[in-house]
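Residue strings, one per chain:
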Amino acid sequence: MTVPRLELSSISKRFPGCLANDDVSLTLLPGEIHALLGENGAGKSTLVKIIYGVQQADSGTILWEGQPVVIKDPHAARRLGIGMVFQHFSLFDTLTVAENIALGLERPPPMRDLEQKIRAVSERYGLTLDPARHIHTLSVGERQRVEIVRCLLQDPRLLIMDEPTSVLTPQEVERLFATLRRLSDEGCTILYISHKLEEIRALCTRATVLRGGRVVGACDPRRESARSMAEMMIGATLTAPTRPAAETGGATLEVRHLSTTSDDPFATNLKDVSFEVRAGEILGIAGVAGNGQAELLAALSGEAILADDGAVRIRGQAAGHLDPRRRRALGLAFVPEERLGRGAVPELSLSENAILSGYVAEPLVRRGLVHFGRARSFAERIISGFNVVAHGHKAEARSLSGGNLQKFIIGREILQKPSLLVVGQPTWGVDAGAAAAIHQALIDLARGGAAVLVISQDLDELFVLSDRIAVLFHGRLSESRPTHHTTVEEIGLLMGGLFGAATGAEEVPHGTA
Amino acid sequence: MSIEVIGPVVAAMMTAATPLLFAALGELVVEKSGVLNLGVEGMMLGGAVVGFAVTVATGSSTLGFVAGAAAGAVLASLFGLLTLGLLANQVATGLALTLFGVGLSSLVGQGYVGHPIADVPELRIPYLTTLPIIGQPLFGQSLPVYLALAAVPAVHWFLFRTRAGLVLRAVGENHTAAHALGYKVIRIRFLAVLFGGAMSGLAGAYLALDYTPMWAEGMTAGRGWIALALVVFATWKPGRVLAGAWLFGGVTILQLHAQGVGFAVPSQLLSMLPYLATVLVLVLISRDVTRIRLNAPASLGKIFYPD
Amino acid sequence: MSMIRLEPRGQASPLWVYGAPLLAVALTLASGFVLFWAMGFNPVAALRAFFVEPLTSARGIGELVVKATPLTLCAVGLAVGFRANVWNIGAEGQLTLGAITGGGLALAFYGEGGWWLLPLMVLGGIAGGMAWAAIPAFLRTRFNASEILTSLMLTYVALLLLSYLVHGPYRDPDGFAFPESRLFEEAATLPVLVTGTRVHLGALFALAAVAGCWVLIARTFIGFQIRVIGLTPAAAGYAGFKEKKIIWLTLLLSGGLSGLAGLGEVAGPIGQIVPTVSPGYGFTAIIVAFLGRLHPLGIVLAALLMALSFIGGEAAQIGLGLPKAITGVFQGMLLFFLLGSDVLIRYRVRIGARKTVSQGATA
């Protein structure tokens, strides 16, 4: 019998208030691609942090190729031959590719030799990279390549990939899988963390499922359906949102020739973006992060005031010059991408967070004074109406789980009865139960006559929600197309910038930001 | 102004720039690691009084400089303990350090006000010092002036050519990622803070032992704050710190000379010049948001929460 | 740092929100004990002279209020700004400007004063402080320049300006070239509230400012905006709160109150314009603001404590020959200990190394 590459037995890890890993055992064989499945909060991240030495287990043992080891920090992990590609990249924006890679190596060679090596490895695996470029000039896909090349340069025998495809186009995902399969053929073990079950079925040969910090099952993904694995993950049967046909009215939001410029060197400028969202429909905007989503959201919410007043019209009224408060007065409600730190103030209570956006449409402020009693009852209506699990209206926003906070924020916006709702990343990092509830709420809002715009990187989500889909790439927006007349592949090509191939419009140069 | 006065004026400008250079280079390294220490003024005063006291006690200005640097580092370690160990707000703690340094230095310095000490000797390089114009500024200064100058390329080399410098910049850029890669964020920052403290201490010791030379309460007169402004002015680049320090040295000397020749403007108004110049350069550099964003360490002033 | 670890609490500990300042005071007293002992004084007698003696007479308590007045006025304004992450540390300069403009009116109308002069001086003092604080506000909102550095630089400029004025235009024509102004006439002096003390009308201004800032922060929508901007600027932008407006408002408020404090000094206990109007009230007010938890009521208590450290310093200097500089050391130490103790609000401190996996060799 072959000696396992890595064997974890009875790993437990407790944080104040939660048991993140509870008696977890896991065996990884040489050369296998092993999936680690679980919802957000199931304990996947903690487990891989323990393997990579970022955190220490409270109890349990680790065997590396049959030998007991203590992995006291990431340096020790790398010396053993463990590499990791992080979900939130561990890259440094203002440093060069080569400097970033040097930081992830134990004994980096002199810079010139390192640049040679980077070129050699990136050619061998088809991961083109220029070592002298600064990270902030790279696309998200290129940034991931930096992370992968950094791992490959130390000839890893175990490569951990944490949610690697959530930021890639479907075509980029295919290229990544080719690289991973090749590594596995060379004998490298890959621990693959994802919640995208179709991808896991295509790539992995074994899977371990975590729920609530415990191992609840193992399977061969090739013999399972996505649905059966999802039910193993959440421990319940899934109900898909119901979606009656749309009856659309007039254009509630019109965006015409919207272009932006910014002082911020890390920003993506919008270039001549035009679209409209009609009452009763959901428009989805897809795209890889960093292609102008943040700028489009700011231009719509009023956080960025526009030079051209008519570039954004809400219910027929020019709104480009209006601040967020005046736009809300026109019927706009808005859910930002970042829940904690933009959509909610972490240190404030839920009733105070209800005031944050509710002060325009709800009677919470009178003669300059805050009416805290009304804020409290508004917060309580949100909590009960959207099944938010929290210790009452006094709970600090940061004490809520991601899913519950998102339900609170979306509830806060929907209860203001908006005629237009703009949502960024509605279910990013949210558990399946909360995601289903949020999707249903958005569909219900649209069917009640509101116009809804959803900007998301999650194609599956957009295909569930949207009546029409458009794609944002390098600050330009493609034509939208009806969801039932398009495919994931077609949208994927648009996400990669192939507007020309898909629409006959002008060619967009690749690789410049 | 005749040609002969240029030499002494440039020499004076370089000495006036020296304390700013020490303090600003130290703070630059601290800020590159992602920490904002507003206590420079307090650490300078600590270095000044301890350096002075040790020189009086031992008769050795070398020991005085060493002690001054050590005093600065000790004060900085208080700041490091609070902000890095106990997660205190960096702005508030830096202010506290300055207030504490002002109080402590005047307490320690009670008996030394008006006390005379021997000058720090100039390094007179034979023949070269007598060269016209450049002789005195280039070859007739005391050792600390040269040390401060040498610190400019040394800090540049450390930050941009060494592995340790790369790690330090990485920690200042994104402490979460640096931590995920296994770098000891707190330890690295603590060392940077100690270095910054030692440099501020040297700056203070230079003022008390060589520039003035004497001890007086609050004798740094805002130079610590000007050094903080210089770091922003230099957009966190050591070479530009030198340019900025000379600029301020120049303004200081100009103002002193104007007072000396009985310029018809009240001395208080002339004395405002360095402070007004600081405000001016700060405004000129800060308005360029793009440049600040590209050069400022992204984690500057943010608290790192270890998990 | 492996021996002492911090363990996050789920929620802020209400006990330590109030316990931390008390712990800081206790640690400061303990350090003071050691400090006095190390300096060769009897620590018990010295601490007594410092912190108890001044409180044993009505006059001493009056002096406490006199010194707490400018501290409170400066600190309540600063605290509102600190809550919004607006770091005005130039209160000393704004205080000086208030003395210059408000006191300047007293000199300008010397001999012609009526009932209107004092209100005019009060407005003049407030306006002077506001104008001085408006400069950092303008430079921050228009050019993005750090208000920390600009407000501090302007403090040096203000002190030099005061020095210039008392040596020149403001100098008493009959004063034998002493750098002092005339003594203000009766109509230009703040009335004394309690006979036998120097407690003046400024104390009521301070209480009014405390009440006003309390309502502002706790009840008004502007106060809510200030808190959101200070905690999470991005959320304030999302909500449509105007950061620039809040920067202007908080700087003008703290500048105006500091200016009022400066006017209160020259029209109150000092009674004329002198080269040193304040022994550093504007800087000590920063400590007062933090020690008072940025809360108006807390600030009153903190201001009284800091006032005690000023008076105690003077008393200990006279009584025991202790150096006066010890006041500054106490104040700095107190702020240090407070900032350190604050960690207890959100963290538990655990002593002892973390348990690690027991078996196996180090890789």
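In this numbering scheme, every chain counts its residues from 1 along its sequence in written order. Each chain takes a letter, starting from A, and each ligand takes a number, starting from 1, following the order in which they are written. Whole-chain, interface and lining totals are the exception, using all residues; otherwise, since this is a predicted model, local features are given only for residues with pLDDT of at least 70 and side-chain atom pairs are given and counted only at 80 or more.

1. So, the overall build of chain A
Here comes step 1: To qualify as a helix, a DSSP run of H or I must reach at least 4 residues; to qualify as a strand, a run of E must reach at least 2; elements of each kind are numbered from the N terminus. Scanning chain A from terminus to terminus reveals 17 helices and 23 strands.
Here comes step 2: Computed over C-alpha atoms, the radius of gyration of chain A comes to 24 Å, within 12% of the 24 Å expected from 2.2 N^0.38 for 513 residues, which places it in the range of a compact globule.
Here comes step 3: If you line up chain A on its principal axes, its C-alpha atoms span 70 × 50 × 45 Å.
Here comes step 4: A residue pair is marked as a contact if its C-beta atoms, positioned from the backbone, fall within 7 Å. Taking all contacts inside chain A whose residues are at least 6 apart in sequence as the whole, residues at least 24 apart take part in 66%. C-alpha atoms define the radius of gyration in this analysis, and the globule rule sets the expected value at 2.2 Å times the number of residues to the power 0.38.

2. Some remarks on the overall build of chain B
Here comes step 1: A count of helices and strands for chain B gives 14 helices and 0 strands.
Here comes step 2: What you see in chain B, going N to C, is helices and strands ordered as α-α-α-α-α-α-α-α-α-α-α-α-α-α.
Here comes step 3: Its C-alpha atoms give chain B a radius of gyration of 19 Å, within 12% of the compact-globule value 19 Å for 307 residues.
Here comes step 4: Working definition of burial: number of other C-beta atoms within 10 Å of the residue's own, with buried at 20 or more, exposed at 12 or fewer, and partly exposed in between, all C-beta atoms being placed from the backbone. Per-residue burial over chain B gives 56% buried out of 307 residues.
Here comes step 5: Sequence separation of 24 or more characterises 78% of the internal contacts of chain B that already satisfy a separation of 6 or more.

3. Thoughts on the confidence of the model for chain B
Here comes step 1: The share of residues in chain B with pLDDT of 70 or more is 93%, and the mean pLDDT across the chain is 90.
Here comes step 2: Interface scoring of the predicted complex returns ipTM 0.89; its pTM is 0.90. pLDDT expresses how confident the predictor is about each individual residue, on a scale running from 0 to 100.

4. Section: the packing of helix α2 (residues 40-58) of chain B against helix α9 (residues 185-211) of chain B
Between two packed helices, both the angle of their axes relative to each other and the distance between the axes serve to describe the pair.
All names here are of chain B.
Here comes step 1: Relative to each other, α2 and α9 sit at 55 degrees, their axes nearing to 6 Å. Our classification of the angle between α2 and α9 gives oblique. When the axes of α2 and α9 are compared, the crossing they make is right-handed. When α2 is examined against α9, the residues Val40, Met43, Met44, Leu45, Gly46, Gly47, Ala48, Gly51, Phe52 and Thr55 are found in contact with a partner set consisting of Gly197, Ser200, Gly201, Leu202, Ala203, Gly204, Ala205, Leu207, Ala208 and Leu209.
Here comes step 2: Grouping the amino acids of the contact of α2 with α9 by side-chain chemistry returns 12 nonpolar, 8 polar and no charged. Helix axes use the C-alpha atoms of the stretch in contact, all axes being lines fitted to C-alpha atoms, and the angles between their N-to-C directions lie in the range 0 to 180 degrees. Between 65 and 115 degrees an angle is taken as roughly perpendicular, under 35 as roughly parallel, over 145 as roughly antiparallel, and anywhere else as oblique. Each crossing is labelled by how the near helix is turned from the far one, with a counterclockwise turn of less than a right angle marking it left-handed and a clockwise turn marking it right-handed. Residue polarity follows a fixed list, in which Ala, Val, Leu, Ile, Met, Phe, Trp, Tyr, Cys and Pro are nonpolar, Asp, Glu, Lys and Arg are charged, and the others, Gly among them, are polar.

5. Digging into the interface of chain C and chain B
Here comes step 1: Each side of the interface is counted separately: chain C has 37 residues, and chain B has 40 residues.
Here comes step 2: Looking at the side of chain C that touches chain B residue by residue, the class counts come to 27 nonpolar, 9 polar and 1 charged.

6. Quick look at the interface of chain C and chain A
Here comes step 1: Of the residues lining the interface, 27 residues belong to chain C; the matching set on chain A comes to 41 residues.
Here comes step 2: Classifying every residue of the side of chain C that touches chain A by side-chain character gives 13 nonpolar, 10 polar and 4 charged.

7. Focus on the environment of Leu80(A)
Here comes step 1: Residue placement: Leu80(A) occurs in helix α2 (residues 74-80).
Here comes step 2: The class for Leu80(A) is buried, based on 20 C-beta atoms found within 10 Å.

8. Some remarks on the domain arrangement of chain A
Here comes step 1: For chain A, the domain assignment lists domain 1 (6-234), domain 2 (241-331 + 418-513) and domain 3 (340-417).
Here comes step 2: Each of domain 1 of chain A and domain 3 of chain A was reduced to a C-alpha centroid, and the two centroids are 37 Å apart. Reported domain spans reflect what an automatic or database domain assignment gives.

9. Remarks on the sheet that holds strand β11 (residues 251-258) of chain A
Residues and elements named next belong to chain A.
Here comes step 1: As summarised here, the arrangement of the 4 strands in space is β12-β11-β14-β15, forming an open sheet in which the pairing is antiparallel. Each edge of the open sheet is held by one strand with a lone partner, namely β12 (273-278) and β15 (317-318).
Here comes step 2: Criterion used throughout: strands pair if DSSP finds at least two bridges between them. Inspection of the sheet shows β11 paired to β12 by 5 bridges, in the antiparallel sense. Bridging from a neighbouring strand, Leu253 pairs with Val277 of β12.

10. Considering the pairing of strand β1 (residues 6-15) of chain A
Residues and elements named next belong to chain A.
Here comes step 1: Relative to strand β2 (residues 18-28), β1 is paired through 7 bridges, and the arrangement is antiparallel. Directly across from Ile11, in β2, lies its bridge partner Val24.
Here comes step 2: Where β1 hands over to β2, the hairpin turn is made up of 2 residues, of which Gly17 adopts a positive phi near 90 degrees.
Here comes step 3: Of the strand pairs in this sheet, β1 and strand β4 (residues 59-64) are connected by 5 bridges, and their pairing is antiparallel. Bridged to Leu6 within β4 is Trp64.

11. Some words on the sheet that holds strand β10 (residues 214-219) of chain A
Residue and element names in this part refer to chain A.
Here comes step 1: Reading across the sheet, the 6 strands line up as β6-β7-β8-β3-β9-β10 and stay open at both edges, with mixed pairing between neighbours. Each of the sheet's edge strands pairs with one partner strand only, and the pair in question is β6 (82-85) and β10. Going from strand to strand, the sheet's axes swing by 20 degrees on average, the running direction of each strand aside.
Here comes step 2: The sheet contact formed by strand β7 (residues 158-162) and strand β8 (residues 189-193) spans 5 bridges and is parallel.

12. Some words on helix α11 (residues 350-358) of chain A
Here comes step 1: Among the 9 residues in α11(A), 9 count as buried, and that is most of the element.
Here comes step 2: Every buried residue belonging to α11(A) is among Leu350(A), Ser351(A), Glu352(A), Asn353(A), Ala354(A), Ile355(A), Leu356(A), Ser357(A) and Gly358(A), and all of these are buried.

13. Considerations on the confidence of the model for chain A
Here comes step 1: When pLDDT is averaged along chain A, the result is 89; 97% of the residues meet or exceed 70.
Here comes step 2: Segment residues 501-513 of chain A is flagged for pLDDT under 50; beyond a separation of four residues in sequence, or across chains, it makes 20 contacts in the model.

14. Details of the packing of helix α11 (residues 238-260) of chain B against helix α13 (residues 273-286) of chain B
Residue and element names in this part refer to chain B.
Here comes step 1: Following both chains from N to C, one finds α11 and α13 inclined at 150 degrees, their axes separated by 9 Å at the closest point. Accordingly, the angle class assigned to the pair α11 and α13 is roughly antiparallel. Crossing of α11 over α13 shows right-handed handedness. Contacts from Phe248, Val251, Thr252 and Gln255 in α11 reach Leu273, Pro274 and Ala277 in α13.

15. Re helix α16 (residues 488-495) of chain A
Along an α-helix, a turn takes 3.6 residues, which lines up residues three or four apart on a common side.
All names here are of chain A.
Here comes step 1: Ile491, Gly492, Leu494 and Met495 are the residues of α16 that are buried. Relative to the axis of α16, the buried residues are bounded by an arc of 160 degrees and lie together on one face.
Here comes step 2: Note on α16: the residue one or two positions beyond its end, Gly497, has a positive phi of about 95 degrees. This arc is taken over the directions from the axis of the helix to the C-beta atoms.

16. Notes on the pairing of β4(A)
All names here are of chain A.
Here comes step 1: Of the strand pairs in this sheet, β4 and strand β5 (residues 67-70) are connected by 2 bridges, and their pairing is antiparallel. Bridging from a neighbouring strand, Leu63 pairs with Pro68 of β5.
Here comes step 2: What sits between β4 and β5 in their antiparallel hairpin is a turn of 2 residues, with Glu65 showing a positive phi close to 45 degrees.

17. Remarks on unusual backbone geometry
With the exception of glycine, most residues fall at negative phi, and the peptide bonds are largely trans.
Here comes step 1: With a phi angle near 45 degrees, Asp155(A) is a residue other than glycine that sits in the positive phi range.
Here comes step 2: Counting through the fold element by element, Asp155(A) comes out in the loop between α5 (140-152) and β7.
Here comes step 3: We note that Ala177(C) has phi near 65 degrees; this positive angle belongs to a residue other than glycine.
Here comes step 4: By the C-beta count within 10 Å, which is 9 here, Ala177(C) ends up exposed.

18. Considering the environment of Arg256(A)
All names here are of chain A.
Here comes step 1: Within the secondary structure, Arg256 sits in strand β11.
Here comes step 2: Between the alpha carbons of Arg256 and Phe275 there is a distance of 6.7 Å; along the sequence they are 19 residues apart.
Here comes step 3: Discounting chain neighbours no more than four positions away, the residues touching Arg256 are Ser274, Gly310 and Ala311.

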